Structure formats: structure tokens, C-alpha cells
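For reference, the chains in residue letters:
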Amino acid sequence: MLAPVGNAYFVSIRIHSRLEVFIRFHSLLKILTETQNLRLMSDSVPSSGPTTAPAPTSQAYRALPDQQLTTMPPGVPYIIGNEAAERFSFYGMRSVLTVFMTKYLLDRSGHLAVMGDNEAGAWSHMFVSAVYFLPILGALLSDGVLGKFRTIFYLSIVYCFGHFSLALDDTRLGLFLGLLLISFGAGGIKPCVSANVGDQFGQGNKHLLPRVFSWFYFSINVGSFVSIWVCPILLDDPRFGPHYAFGLPGVLMVIATIVFWLGRKKFVHVRPGGLGFVREAMSREGRTAIGQLFLIYLFVAIFWALWDQSAGIEWTLQAEHLNLNFLGLKLLAAQVSDANAILILIFIPLFSYVVYPIIDRVFPLTPLRKIGIGLFVMAVAFAIVWWLQIRIDAGQTPNVGWQLLAYVFLTASETMVSITGLEFSYTQAPPKMKSAIMAVWLLVVSLGNLFTSFMHWLVPSLKPLGLNLENAGWFQFFTLLMLAAAFVYVFVARWYRGRTYMQGEEPTELATAETLSS
């Protein structure tokens, strides 16, 4: 997923040459490229202060990129290798987390003491919420105090301890400590990693940014795709189990940290710039920008409350009760979510070059309208899993192909809401507020998962009041919630007023859903 710039994966390395072509035109890539070009222009201006960044050792490192270099920066291979291993560790751990809590969790005496589906779902969504809340901490540490390298390196060590807590202790204590440490590690480095890529480039080689981000994207996909397939196999195999299923991601995170450390002498270490992030957010312009986007973000938060149920949590628990034989393959429940991985790669170019142009011939397809259509499509995805759960509750065993169909609609919704929403947020943020708005965008993912976690805890309390959110009732609630939110969004978006800010240009006049161009 992009995620919330989303989850995306590769089917095989052979498609990479084609992928490099369309990623070049991917809207998210344009955002990242423009953001990094800004950073590079500001970094190229001589500073009145020292020119070296605070380093983790006594050795001083380059603080500005080489403006004369026309080839790929020497630190890039270390960044790509680090990212592939880190994404393997995160998505591998997440793919088996909920199944572990409902099937393998032990008490202190070593006896099985598993959670129910609602409790496991609440824990899982609270964890995801924390991961997407803590980028604020990472941004403050990176931009204000430590710089990107030291923030990533130190929090990666915390990240490793989290994985090994899960691997070595099968009890709730190990689970709590592991998820807490991983939340700080994964969430803290999230706002730093992609920005660190762009920091390596100067004026001489900035034309290579699209290529390096395609490799960056490639590394994410390779790591996550493989781990979501492998870790459930380790968990399900009696010869291995939870220790190996969580231990392998831990080993990969150690490798990621070592690879990143090995590149320390190759990297540009941009100096931290103080707590300007906070000042920007608290400025009048910043408050106005955040306030304008807040109403749109409320609906996007509901979208994430539904989307993250497909990523190894509620949809995976449902898959445990499906016939998992599909097209000659015998799938594990935790592997089904890899469908989103494959589909997102197909849908990115498909929507950009086919679907959007077709719709645009019927009516102007603005960013706000893309988001609105995506919300309705998400309701369709959940209607399918609601129907599936009704059949399961009736004692039937539907084929997993029906859930795979739901993934088709869910991924289409992700393409329209997540990618478009990120680009829209960037254009609506004033030049000095770009990073702050991106942090707020990540907070939206956190809020959505916090809401889902809260609903899990409320299930027992609501049942005596006549609101049954167990089994099919759960998916019914979220289907109707998304449908209602989508209808309300149509009217709210029509009244949206904002300004479009592009670097080097004057802001446009007030824009609405009708006038905001795509």
C-alpha cells in the first residue's frame, strides 16, 4: 500500500523495466520528486553555519550533496538494500500478527491463551494507529534534533528489539513490548526514509530522481511481497511456528540496520534545521491549510478504517473460514492479502492511462471527484465481504475467489482515494507547509485505525443495546458507514474552498470540486 502512501508489490523482477516507465508518471512519484527538488534547492544555498551534520561518530560527513555529480549518488545502493529488508520485516510481521493472537498466544505457564477475534482486531488496529501517529515524533527528531541518519539508525535498533520481543516471548507481555517498540521504530523512521533518498541528489544529478524512486518503490514491493507469502508458511508449519515467523522479520531488520550503517560514509547527512516543523503548523497559513483539508480528511479517515481491515486483520480472519483452493493453489488465510499487492501494480497504470481518461470524457474528473468515487467503490468491496460473512454464519464455506473479487474493488478504491488524496494534499499545502501536511495525512490513517479499534472494544457493550456487531453485523456496519459517508462527502466536497500551491507559482484562486483540475 501507499500508506498511507499505500501497499504495493511486484509480481516478478522481469516486469521492472516496464514498471520504471509508468512509475515515472505516477502521481505519487511526482509529489516526491517535487518535494525533494525543493529540498535540494534550499540545501544548495550556502549556510552561514557549519557545513557538516552532527555525526554518530567523531568523523564528519558531507552535509550537502555534490552539485557537480552527474551519476547516481554512492549512498543509493545502501538505501535501497535497507528499504527492501525493512519492508520485508514490517509486512512479514504484520501478515501473521492477528492469526498469532487468535491461534498461538500463550500465558506465562506456557498454556494456550488466545484472544477472541474482537480483542485481536482491537490490538491490531491500535498497533497500526500507533505506527501512523508516531511519524510526528520521527519528524521532530529528524528535522529538529538528530538529523535523518541518526534518527533512522537509532530507531532501527529499537525496531529490531521489537521484532525479537515478538519472536522470543509468545505471551501478552512479549506481544505488548514488541508492538510498542515496533510502533516507535517503524513509525519514527517513516517520514525520514524517502526524504533521505532525495537528500542525496544535487543539481547535477537531480534528473536521476525518477529512476532512483522507481528502484526505491521496487525494493518496497520485493520485500513486502515475499514476506507476506513466506511468513504465514513459517507460522503454519509445526516445525517452525511463531518463533521463526517473527524471528525471520527480526533478522531482516537487523540486516536492514547493518546495511544502512555501512552506507554512513557514502550518505549526505543534512543538518537538522530546528523545530520549524512546529512553527509552520502553528502559523496562520498552516492552520488555515489544515483547517481547509480537515473536512475532506474526515471521510478519508473512514476509508482507512475500512482499508486496513483487509491487511492481515478482519479479512484474514474471515479467510480462515473460506475454501482456500483457488486456480490449483492451496492458499493460507494470511496469504490472501497478497492479492492487493499484485492488483495495485496493475491498477496504477490502468487507471492513469485508461480508466481516468474514459471517465474524463463524461465529466471533468477532478481530484475531489476521484476520492468521492473511490469511497463508493470501497462500500462495494465491503458489501462483498458482508455477503460472504452471511454465508459463513449460515454454515457454508464459500470459495476464496469471492474475497479476491472484493480485493479488486478495494484496490480500485485505494488507487482513487489514497494516491489521489496524497497528491491533492500536497497541492493544497502552502510551500512552507508541505512536510507538515504530509504528517497530517499520515495521522488520518492513525485516526481511522483508532476508530476501528474502538469499535472492537465496544462490541460487547453494544450487543445488549440491540446493536450486534459480531460476524456479519460487523461488515454490515462498516459497509453502511462507508456508503453513508460517501453520500455526505458528495455534498461537502461541493462546498470545499482551497488554494492550489505549486512551487515557483502564485497560488490559484479559490477552488471547488468543480474547478480543481486533475
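Criteria and cut-off values
- Residues numbered from 1 in each chain as written.
- Predicted model: local features only at pLDDT ≥ 70, side-chain atom pairs only at ≥ 80, totals over all residues.
- Heavy atoms only, no water.
- Helix = DSSP H or I, 4+ residues; strand = E, 2+ residues; numbered from the N terminus.
- Buried < 20%, exposed > 50% of the residue type's maximum accessible area, 1.4 Å probe, protein only.
- Areas by Shrake-Rupley, 256 points an atom, 1.4 Å probe, with all protein chains shown as cover.
- Phe/Tyr/Trp six-rings, centres within 6.5 Å; stacked < 30°, edge-to-face > 60°.
- Lys NZ or Arg CZ within 6 Å of the ring centre and 35° of its normal.
- Core = buried A, V, L, I, M, F, W, Y, C linked by side-chain atoms within 4.5 Å.
- Contact = heavy atoms within 4.5 Å.
- Axes fitted to C-alpha atoms, helices over the stretch in contact; angles between N-to-C directions.
- Parallel < 35°, antiparallel > 145°, perpendicular 65-115°, else oblique.
- Left-handed = near helix turned anticlockwise from the far one by under 90°.
- Nonpolar A, V, L, I, M, F, W, Y, C, P; charged D, E, K, R; others polar.
- Salt bridge = Lys/Arg side-chain N within 4 Å of Asp/Glu carboxyl O.
- Expected span 1.5 Å × (residues − 1).
- Arc of directions from axis to C-beta.
- Patch = residues over 30% accessible without salt bridge, like charges linked within 9 Å, V, L, I, M, F, W, Y side chains within 5 Å.
- pLDDT = per-residue confidence, 0-100.
- Lys, Arg positive; Asp, Glu negative; His and termini not counted.
- Polar contact = N/O pair within 3.5 Å; in protein donor to acceptor, adjacent residues only side chain to side chain.

What the chain contains, in helices and strands, is 17 helices and four strands. Counting only residues that meet the buried cut, the chain has 55% of its 518 residues in that class. Of the accessible surface of the chain, which amounts to about 21,400 Å², a share of 67% is contributed by carbon and sulfur atoms.

Let us look at the packing of aromatic side chains. Inspection of every chain in the model, using the stated rule, returns 23 aromatic pairs. Between the aromatic rings of Phe-100 and Phe-246, the centroid separation amounts to 5.1 Å while the plane-to-plane angle is 85 degrees, which identifies the pairing as edge-to-face. You can see Phe-100 sitting in helix α3 (residues 76-103) and its partner Phe-246 sitting in helix α9 (residues 242-262), a full 146 residues away along the chain. Like Phe-100, the residue Phe-246 is buried in the burial classification. Aromatic side chains Phe-347 and Phe-351 sit 5.5 Å apart centroid to centroid with 50 degrees between the ring planes, which places their arrangement in the tilted category. Taken as a pair, Phe-347 and Phe-351 lie in helix α13 (residues 338-362) at a separation of four residues, close to a single helical turn. Judged by its relative accessible area of 8%, Phe-347 is buried. Phe-351 sits in the buried class, given a relative accessible area of 8%. One aromatic cluster is present, formed by Tyr-78, Phe-149, Phe-153, Tyr-154, Phe-260 and Phe-267 through successive ring pairs. It is Arg-264 that lies over the ring of Trp-261; its NZ or CZ is 3.7 Å from the centre.

Phe-127, Leu-175, Trp-315, Leu-375 and Met-378 are the most contacted members of the largest nonpolar core, which has 119 residues in total. Counting residues per element, this core draws most heavily on α3, which supplies 13 residues. Those residues in contact with Met-378 that lie beyond four places of it in its chain are Phe-303, Leu-306, Trp-307, Leu-410, Ser-413 and Met-482.

We now examine the packing of helix α5 (residues 135-146) against helix α6 (residues 148-168). Put simply, α5 and α6 touch, their axes get as near as 8 Å, and they point 135 degrees apart. Relative to α6, the element α5 is oriented oblique. At the point where α5 passes α6, the crossing takes the right-handed sense. On α6, the residues that touch Gly-138, Leu-141, Ser-142, Asp-143, Val-145 and Leu-146 of α5 are Lys-148, Arg-150, Thr-151 and Tyr-154. Residues of the contact of α5 with α6, tallied by class, amount to four nonpolar, three polar and three charged.

As a further point, take the pattern of salt bridges. By the definition in use, this model includes seven salt bridges. Measuring nitrogen to oxygen at the nearest pair gives 2.6 Å for the salt bridge that ties Glu-119 to Arg-172. One end of the pair, Glu-119, is in helix α4 (residues 117-133); the other, Arg-172, is in helix α7 (residues 172-198), with 53 residues separating them in the sequence. Here Glu-119 falls in the partly exposed class, since its relative accessible area comes to 25%.

Time to look at the packing of helix α14 (residues 367-393) against helix α17 (residues 472-494). Each pair of packed helices gets described by two things: the angle between the helix axes and the distance between those axes. The geometry of α14 relative to α17 is characterised by a closest axis approach of 8 Å and an angle of 165 degrees between their N-to-C directions. Taken together, the axis directions place α14 and α17 in an arrangement best described as roughly antiparallel. When you trace α14 past α17, the crossing you get is left-handed. A class-by-class count of the residues in the contact of α14 with α17 yields 21 nonpolar, four polar and one charged.

Here we come to α5. The end-to-end C-alpha distance of α5, which contains twelve residues, comes to just 14 Å, noticeably less than the 16 Å that a straight helix rising 1.5 Å per residue would cover. Burial in α5 covers these residues: Pro-135, Gly-138, Ala-139 and Ser-142. End-on view of α5: buried residues confined to an arc of 100 degrees, all on one side of the axis. Positive backbone phi, approximately 85 degrees, marks Gly-147, located one or two places after α5.

This next bit is on α6. Along its 21 residues, α6 runs 30 Å from first to last C-alpha, staying within 8% of the 30 Å computed at 1.5 Å per residue. The element α6 is extensively covered by neighbouring structure, given that 15 of its 21 residues are classed as buried.

Take a nonpolar patch on the surface next. Together, Leu-137, Leu-173, Phe-176, Leu-177, Leu-180 and Phe-184 give the surface a local cluster of nonpolar side chains, amounting to about 490 Å² of exposed area. Ranked by residue count, the leading element in the nonpolar patch is α7, at five residues. Note on placement: Leu-180 falls in helix α7.

Turning to the confidence of the model for the chain, a few remarks are in order. When pLDDT is averaged along the chain, the result is 79; 78% of the residues meet or exceed 70. Contacts of residues 1-58 to residues separated by more than four positions or lying in other chains number 151 contacts, the stretch itself having pLDDT below 50. This model gives residues 509-518 a pLDDT under 50, and the stretch forms 34 contacts once residues within four places in sequence are excluded.

So, on to the side chain of Glu-314. With respect to the helices and strands, Glu-314 occurs in helix α12 (residues 314-319). Put simply, Glu-314 is tucked away with no salt bridge, and the nearest opposite charge, on Arg-94, sits 8.1 Å away. Within the structure, the side chain of Glu-314 is placed 2.9 Å from the side chain of His-125, a separation counted as a polar contact. Separated by 2.4 Å, the side chains of Glu-314 and His-456 make a polar contact. Apart from residues no more than four positions distant in its own chain, Glu-314 is found in contact with Gly-121, His-125, Gln-309, Thr-452, His-456, Trp-474 and Phe-475.

It is worth spelling out the side chain of Thr-98 at this point. Within the secondary structure, Thr-98 sits in helix α3. Residue Thr-98 is classed as buried on the basis of its relative accessible area, which comes to 1%. Separated by 2.9 Å, the side chain of Thr-98 and the backbone oxygen of Gly-312 make a polar contact. Those residues in contact with Thr-98 that lie beyond four places of it in its chain are Ala-120, Ser-124, Gly-312, Ile-313 and Leu-317.

On to unusual backbone geometry, then. With a phi angle near 50 degrees, Leu-327 is a residue other than glycine that sits in the positive phi range. Given the relative accessible area of 76%, Leu-327 is considered exposed. One non-glycine residue with positive phi stands out, namely Asn-471, at about 55 degrees. Tracing the chain through its elements places Asn-471 in the loop between α16 (434-462) and α17.

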